[in-house]
Amino acid sequence: MIIYVNPMGPGELERLPRLPEAGFGSMRTGSGNLPLDRLDVSAAINGLVARTEVTAEFVNTHDTALEATYVFPLPDRAAVTGLTMTADDRTVTAELQERGAAREQYDTAIAAGQRASIAEEERPDVFTMRAGNILPGERVVVRLSLVGPLPYEDGAATFRFPLVVAPRYIPGALLPGPSAGDGQAPDTDAVPDASRISPPVLLPGFPNPLRLSVGVTIDPAGLELGEVRSSLHTVSDQDGTLRIQPGERADRDFVLRLAYAPGGQTAVAVPDDEGGEGTYQLVVLPPETAAPPRPKDVVLLLDRSGSMGGWKMVAARRAAARVIDTLTTADRFAVLTFDHQIERPDGLESGLSEATDRNRYRAVEHLARADARGGTELLSPLTAGLGLLADSTGRDRVLVLVTDGQVGNEDQIVHEVTPLIGATRLHTIGIDRAVNAGFLGRLAALGAGRAELVESEDRLDEAMEHIHRRIGAPLVTGLTITGEGFAPLDGTRSPRRLPGLYPGVPLVITGRYSGAATGSLTVTGRTREGEEFRTSVEVRELAETAIVKQWARARLRDLEDAYAAGDVGLEPQIVDTSLRFGVLCRFTAYVAVDERVVNEGGQVKKVTQPVEMPSGWEPPAVPMAAGIVLASAASPFPGAPAAARPAMFPPVPPAPGSPPPAPSFAPAGGAEMRKRSATFSAQADMDGSAPPPALPRTAGPQFVAGGGVGARGFGRSARTLGGDGGVALDDVRALATVEAGRLRDAADRPDYERRDLLEDLASRLTVLLTPLTGDEFAALHDLVTLLAGEAALDEKWAAALQVLTDFGAATTTTPPKPASRAFWKR
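Residues numbered from 1 in each chain as written. Predicted model: local features only at pLDDT ≥ 70, side-chain atom pairs only at ≥ 80, totals over all residues. Heavy atoms only, no water.

Enquirer: Whenever I open this one, the overall build of the protein confuses me. Can you help?
Expert: Of regular secondary structure, the protein possesses 15 helices and 37 strands. Across the protein, contacts joining residues at least 24 apart in sequence account for 76% of those joining residues at least 6 apart. Split by element, the accessible area of the protein, about 32,700 Å² in all, is 51% carbon and sulfur. (Helix = DSSP H or I, 4+ residues; strand = E, 2+ residues; numbered from the N terminus. Contact = heavy atoms within 4.5 Å. Areas by Shrake-Rupley, 256 points an atom, 1.4 Å probe, with all protein chains shown as cover.)

Enquirer: Just checking my understanding: could you explain helix H14 (residues 778-787) for this structure?
Expert: Helical geometry: 3.6 residues make up each α-helical turn, so side chains three or four residues apart lie on a common side. Along H14, the residues classified as buried are Leu780, Leu783, Val784 and Leu787. In an axial view of H14, the angular spread of the buried residues amounts to 100°, which keeps them on one side of the axis. Exposed residues on H14 whose side chains face more than 90 degrees from its buried face are Asp782 and Thr785. Looking at the buried positions of H14, the neighbouring elements they touch are helix H12 (729-745), helix H13 (751-769) and helix H15 (793-809). (Buried < 20%, exposed > 50% of the residue type's maximum accessible area, 1.4 Å probe, protein only. Arc of directions from axis to C-beta.)

Enquirer: Is there a simple way to explain H15 in this structure?
Expert: A rise of 1.5 Å per residue sets the reference length of H15, with its 17 residues, at 24 Å; its end C-alpha atoms lie 24 Å apart and thus fit the reference within 8%. Restricting attention to buried positions, one finds in H15 the residues Leu793, Lys796, Trp797, Ala800, Leu804, Phe807 and Gly808. Burial along H15 is one-sided: seen end-on, the buried residues are contained in an arc of 120°. Within H15, the exposed residues directed more than 90 degrees away from the buried face are Asp794 and Ala809. Elements in contact with the buried residues of H15: H12, H13 and H14. (Expected span 1.5 Å × (residues − 1).)

Enquirer: Before we go on, may I ask you to explain the pattern of salt bridges in this structure?
Expert: Once their charged atoms are close, side chains differing in charge can pair, the charge on each being opposite to the other. Counted under the stated rule, the structure contains 35 salt bridges. Residue Asp371 is joined to Arg317 by a salt bridge in which the shortest nitrogen-to-oxygen separation is 3.4 Å. You can see Asp371 sitting in the loop between helix H4 (357-368) and helix H5 (379-389) and its partner Arg317 sitting in helix H3 (residues 311-325), a full 54 residues away along the chain. Residues Asp371 and Arg317 agree in their burial class; the two are buried. Bridged by salt links that share partners, the residues Asp88, Arg90, Arg115, Glu138, Asp594 and Arg596 form one connected network. (Salt bridge = Lys/Arg side-chain N within 4 Å of Asp/Glu carboxyl O.)

Enquirer: What should I look at first to understand the packing of aromatic side chains in this one?
Expert: Each aromatic ring pair is summarised here by two numbers: the centre-to-centre distance and the angle between the ring planes. Evaluated as defined, the whole model comprises 5 aromatic pairs. Ring centres 5.8 Å apart and planes at 85° place the aromatic pair Tyr280 and Phe486 in the edge-to-face group. Of this pair, Tyr280 sits in strand E21 (residues 277-284) while Phe486 sits in the loop between strand E29 (476-484) and strand E30 (487-488); the two residues are 206 residues apart in sequence, bridging distant segments of the chain. Geometrically, the ring pair formed by Trp551 and Phe581 is edge-to-face, given 5.0 Å between the ring centres and 75° between the ring planes. Residue Trp551 is found in helix H9 (residues 545-564), and its partner Phe581 is found in helix H10 (residues 571-581); the two are separated by 30 residues along the sequence. Just as Trp551 is buried, Phe581 falls in that class too. Over the face of the ring belonging to Trp551 we find Arg512, whose NZ or CZ atom lies 5.9 Å from the ring centre. (Phe/Tyr/Trp six-rings, centres within 6.5 Å; stacked < 30°, edge-to-face > 60°. Lys NZ or Arg CZ within 6 Å of the ring centre and 35° of its normal.)

Enquirer: Before we go on, may I ask you to explain empty space enclosed by the protein in this structure?
Expert: Any empty space left between the atoms is revealed when a probe the size of a water molecule rolls over them. Applying the stated rule across the entire model yields 6 cavities of 30 Å³ or more. The calculated volume of the second largest cavity comes to roughly 80 Å³. Lining the second largest cavity are 13 residues, and of these Asn46, Gly47, Ala221, Thr266 and Gln281 sit closest to its centre. Those elements that provide at least two residues to the lining of the second largest cavity are strand E20 (265-271) and E21. The class makeup of the residues in the lining of the second largest cavity is 8 nonpolar, 4 polar and 1 charged. (1 Å grid on protein atoms, 1.4 Å probe; cavity = no way out; pocket = protein on both sides within 12 Å on 5 of 7 lines; lining within 4 Å. Points joined across faces, edges and corners; volume = space filled by probe spheres on them. Nonpolar A, V, L, I, M, F, W, Y, C, P; charged D, E, K, R; others polar.)

Enquirer: Can you walk me through the sheet that holds strand E32 (residues 520-527) in this structure?
Expert: One key point about sheets: their strands pair by backbone hydrogen bonds, in either a parallel or an antiparallel sense. The strand order across the open sheet formed by 3 strands is E29-E32-E33, and the pairing between neighbours is antiparallel. In this open sheet, the two strands that pair with only one neighbour each are E29 and strand E33 (532-538). Averaged over all adjacent pairs, the angle separating strand axes in this sheet is 20°, with direction ignored. Pairing of E32 with E33 involves 7 bridges; the strand directions are antiparallel. Residue pairing in the sheet places Thr524 in a bridge with Arg534 of E33. (Pairing = 2+ DSSP bridges. Axes fitted to C-alpha atoms, helices over the stretch in contact; angles between N-to-C directions.)

Enquirer: Would you explain the pairing of strand E15 (residues 211-219) in this entry?
Expert: Every regular strand shows the same layout, with side chains that alternate between the two sheet faces. Pairing between strand E3 (residues 36-46) and E15: 9 bridges, direction parallel. Note on E15: the bridge partner recorded for Val41 is Val214.

Enquirer: So what exactly am I meant to see when it comes to the packing of H12 against H15 here?
Expert: If you want to describe how two helices pack, look at the angle between their axes and the distance between the axes. Running from N to C, H12 and H15 cross one another at 140°; their axes reach a closest spacing of 8 Å. On the basis of their axis angle, the class for H12 and H15 is oblique. H15 is crossed by H12, and the crossing has left-handed handedness. Note on element contacts: H15 touches H12 through Trp797, Ala800, Leu801, Leu804, Thr805, Phe807 and Gly808, opposite Leu729, Val732, Arg733, Ala736, Thr737, Glu739, Ala740, Leu743 and Arg744. Partitioned by chemical class, the residues of the contact of H12 with H15 number 10 nonpolar, 3 polar and 3 charged. (Parallel < 35°, antiparallel > 145°, perpendicular 65-115°, else oblique. Left-handed = near helix turned anticlockwise from the far one by under 90°.)

Below you can see the structure in the form of structure tokens.
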């Protein structure tokens with residue numbers, strides 16, 4: 001078939017930026033060049049799945065045998081499913097093994113003078129391949145097989161293949177002992193494998209070092225394909241393969257956007273070779289809607305104080321990253337992490353930033369580096385976040401606070417932020433087993449938002465689905481999938497928890513099934529208007545192993561996330577899944593050994609080849625905020641400019657008596673490697689490593705007991721009834737009056753909006769009433785029970801309005817108040 005491809009304009013390219021750390025790499029070693037002579041990317045797109053083969057051809061121009069290290073970032077959700085190395089007309093196919101065993105086999109082969117190679121995953125998007133005993137004058141051809149999904153958004157799927165390694169900022173204090181790898185950056189306590197992910201970078205002016213070719217074929221797989229656009233000047237061959245023009249440099253991502261019409265769906269089943277079971281993939285595109293959601297301005301506040309240590313920090317980072325995932329290109333956002341000071345992601349504006357791919361990536365990367373430390377200074381980030389939203393016009397204003405709420409100046413915070421909230425919706429996510437529920441409920445009530453409490457990792461998914469619904473405006477929620485004549489296997493579905501159907505974003509589900517590859521899959525849910533949503537998709541058998549590998553990759557990512565959260569007992573299951581389905585993971589490695597001895601004694605040299613400076617990056621001349629400096633050594637290429645290498649500023653020494661650095665997945669062989677726990681990357685993997693030592697808590701403003709402040713009656717002039725948040729009866733009555741007023745103001749809203757308002761009200765009351773069990777609150781507790789039940793919407797609305805009005809209008813008999821006196825030293 002023939003597909004005509006139009007190049008994207010400059011504005012469209014800006015909305016599809018290259019991810020900062022993605023790209024292709026180099027064979028690198030320590031005493032010369034192993035030039036990357038040719039790079040070929042051949043991809044076959046089938047619906048929303050891409051199968052890719054990458055061929056990299058290197059030339060050893062030296063007079064000694066080499067051991068080369070190949071660093072190559074790849075699409076972060078791609079599964080590495082195979083590797084071969086060809087040298088001297090001999091091809092060796094790699095075998096997937098447990099990582100420690102693979103390293104041991106590789107090291108033994110190199111010492112014996114045999115050719116060998118090994119491929120390991122450092123991050124979801126960064127891999128390393130070492131090839132040893134490469135003889136002088138040889139050409140080495142490395143072929144990698146990949147499988148990955150195509151992300152879909154706003155009516156188009158995107159195939160993105162990174163072609164350049166970008167330098168990374170490496171924070172933290174230097175680690176003692178030898179480095180884990182041979183890269184340019186030293187290992188630190190924050191990035192214990194920095195030396196494995198930091199190849200050097202060529203400065204501008206170096207001639208094009210390789211021959212680049214990219215070819216893509218497209219099979220819509222039942223989806224209606226519209227226009228195809230490319231970031232490179234792609235032309236169409238008569239055989240239907242899209243190819244780039246000769247002479248392109250490998251200094252930016254290759255991007256194809258494929259317009260798929262909304263409303264279509266597919267269901268395919270791939271039987272196993274031995275029969276009995278198989279893998280399925282279901283794709284449901286959301287229906288077109290005539291009323292797209294309004295653009296949003298979202299500010300995310302993440303508490304990284306010392307009290308957030310352990311599992312709480314892991315859960316908080318995951319929750320914050322999911323908030324970023326709700327954003328579309330029409331939205332703007334800001335991320336503030338705070339303890340006793342406020343920090344923002346590097347590279348983002350001081351105000352609100354456009355929610356482009358690059359900006360969202362930078363935000364998630366910043367969140368992944370947040371560790372617990374310092375004291376909880378909550379007022380400053382709240383006022384700063386609300387200030388960022390003050391000038392938003394024509395857009396929904398949303399502030400999301402992720403914290404345990406462990407502060408003592410609740411009244412001061414309420415007093416200061418109340419006049420700043422305005423039309424902003426303020427959602428609170430309390431993460432703790434002893435959360436300050438009353439205070440977080442008060443904040444959510446002030447901001448007409450939702451209050452969610454997360455007491456464990458198991459609760460996080462459910463809580464974030466509720467927040468996602470409020471921020472992302474889904475078209476359909478409460479999704480379930482059932483088979484009719486088709487039997488999906490329990491516990492194998494990815495994602496494990498089904499999200500809603502959101503405008504412009506498809507539902508893509510993979511899993512395992514048993515029995516015949518016939519029948520249908522039915523998806524049901526409920527629309528915003530409260531109507532039933534139902535669609536059935538006929539299952540068709542398809543001989544496409546890429547779907548199997550894609551499911552295995554997603555399954556491994558789910559298991560690795562659980563491992564990072566502390567379930568270390570999952571390691572055997574992760575290894576078993578990786579080996580069974582032939583997909584590389586953090587605990588396995590591909591290793592290939594040629595039986596022939598080609599280098600007696602096994603003496604090898606190492607060579608380093610810098611990679612391209614990413615397109616659009618300015619060459620660094622002095623140390624930069626991103627930690628890049630010029631290499632002082634001369635260029636390894638005659639007549640070429642010097643290379644730049646990732647580096648870091650002098651580290652801040654650890655505090656006296658601080659614990660040793662957290663264990664990491666820095667490379668180690670055999671048993672040593674298994675002593676270290678996994679450190680996962682910023683894109684998706686929120687790691688569970690131990691935080692650095694906490695700093696002393698700062699002494700913030702303090703209030704005398706009983707003094708209080710009067711903000712909408714939320715002071716402490718009346719009886720205090722609970723320890724959590726210092727909630728007073730008059731506070732609750734004032735809140736009830738405010739909530740009743742909101743219901744009256746919203747009486748003419750559509751049913752789906754009124755239903756959402758009641759659900760949010762129930763969440764706030766549940767949190768607020770957690771510490772309040774007296775008889776005076778019985779009516780409110782009964783209201784929460786009613787709102788959680790199956791009563792009709794109008795009945796719930798009328799009851800809520802009546803109960804809140806009556807409760808707010810009641811009077812409190814205030815006992816004589818004793819003279820206020822401080823109960824701490826001033």
